Amino acid sequence: MTVVETLLIYVGIPALAFALLAVLVLGGSARTPRYRPGRAWAHEDVWYLPRPPAVSGPSHAAPALTGGAPTVGSDRRTARGGASGTW
Amino acid sequence: MVPGEDEDRSGVPAGPFSPKQLARLDEALTLSSRETGVQFSLYVGVLEASPRRMAEDLHAALGATAPDSVLVAVSPGERRLEIVTGQNAAKRLPDRTCALAALSMTASFSGGDLVGGIVNGLRMLADQAGKPSLTPR
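Our subject in this report is the structure included herewith. Keep in mind that what you see is a predicted model, and the values were worked out from it rather than measured.

Focus on helix H3 (residues 51-60) of chain B
Counting buried residues in H3(B) gives eight out of ten residues, a clear majority hidden from the surface. Where H3(B) is concerned, the buried positions are Pro51(B), Met54(B), Ala55(B), Glu56(B), Asp57(B), Leu58(B), His59(B) and Ala60(B). Those residues of H3(B) that are buried are in contact with strand S1 (46-48) of chain A together with strand S1 (39-44), strand S2 (69-75) and strand S3 (80-85) of chain B.

This is the structure we're talking about:
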């Protein structure tokens, strides 16, 4: 076995396997944003509503929400109960 | 791709969740709302200085559906969770039930599992709310 062959087998193959594993591990996690408690939350505010039931026509019963910030201090309170939590 | 477009996105990421996580959230929200007749909605973002007040304002912004709605508001930055129930929804989901769901959710959040906590919390709330009654209100 020549020096080049020895190097390829005992250094090249492990290095290749290591690089492949590194790509699989790091590449997978980089795409999914992960929440870590205590870190700042730098994302936009999002508000999700349930999908309306399948509709045949273009209109459905749920009214469209108006955009913009809610009016703070409005007299109309709709909240009746609930719970709070911290972590 | 335009180089500037990528730079703009790096400042504020497009959304906090991956497509797979979004699908889980969508399924949880839609199924729990459809099973119970209570409209669940989820807010993830800043809740400002008085989180309860802000969450109640958001609930009021739901408009005509607010009495039948439950708002789950999560502020990961401030580590704060608020569950707000409307007039009709509160009859199905008393405060004690909401507190239990909130406890379960915050336990998951403190472990870093944001989506799992939300999905399990919604499932708990939906299980407690039960099926919609057949008698009209």
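Past the structure itself, the notes keep going.
Some remarks on the pairing of S1(B)
Residue and element names in this part refer to chain B. Here S1 lies mainly inside the structure; five of its six residues are buried. Examined bridge by bridge, S1 and S2 share six bridges and lie parallel to one another. Looking at the pairing, Tyr-43 lines up with Ala-73 of S2. Chirality of the crossover, the property in question, places the unit of S1, H3 and S2 among those that are right-handed.

A few points about the interface of chain B and chain A
At the interface, 59 residues of chain B touch 36 residues of chain A. Looking only at chain B, the three residues that lose the most surface to chain A are Pro16(B), Asp57(B) and Arg79(B), adding up to 15% of its buried area. For the pair chain B and chain A, the number of links is three salt bridges. Note that Glu56(B) is salt-bridged to Arg77(A), the shortest N-O span being 2.8 Å. When contributions to the side of chain B that touches chain A are tallied by element, the ones reaching two or more residues are helix H2 (19-36), S1, H3, S2, S3, helix H4 (87-92) and helix H5 (95-110) of chain B. Per element, the largest residue contribution to the side of chain B that touches chain A is eight residues, and it comes from H2(B). In the side of chain B that touches chain A, the residues fall into 30 nonpolar, 19 polar and ten charged. Here strand S2 (residues 81-86) of chain A pairs with S3(B) via six bridges, running antiparallel. Looking across to S3(B), one finds that Gly85(A) is bridged to Leu81(B).

Scoring rules and cut-offs
- Residues numbered from 1 in each chain as written.
- Chains lettered and ligands numbered in written order.
- Predicted model: local features only at pLDDT ≥ 70, side-chain atom pairs only at ≥ 80, totals over all residues.
- Heavy atoms only, no water.
- Buried < 20%, exposed > 50% of the residue type's maximum accessible area, 1.4 Å probe, protein only.
- Helix = DSSP H or I, 4+ residues; strand = E, 2+ residues; numbered from the N terminus.
- Contact = heavy atoms within 4.5 Å.
- Pairing = 2+ DSSP bridges.
- Right-handed = clockwise from strand over helix to strand, strands pointing away.
- Buried area = accessible area lost by both parts, 1.4 Å probe.
- Salt bridge = Lys/Arg side-chain N within 4 Å of Asp/Glu carboxyl O.
- Nonpolar A, V, L, I, M, F, W, Y, C, P; charged D, E, K, R; others polar.

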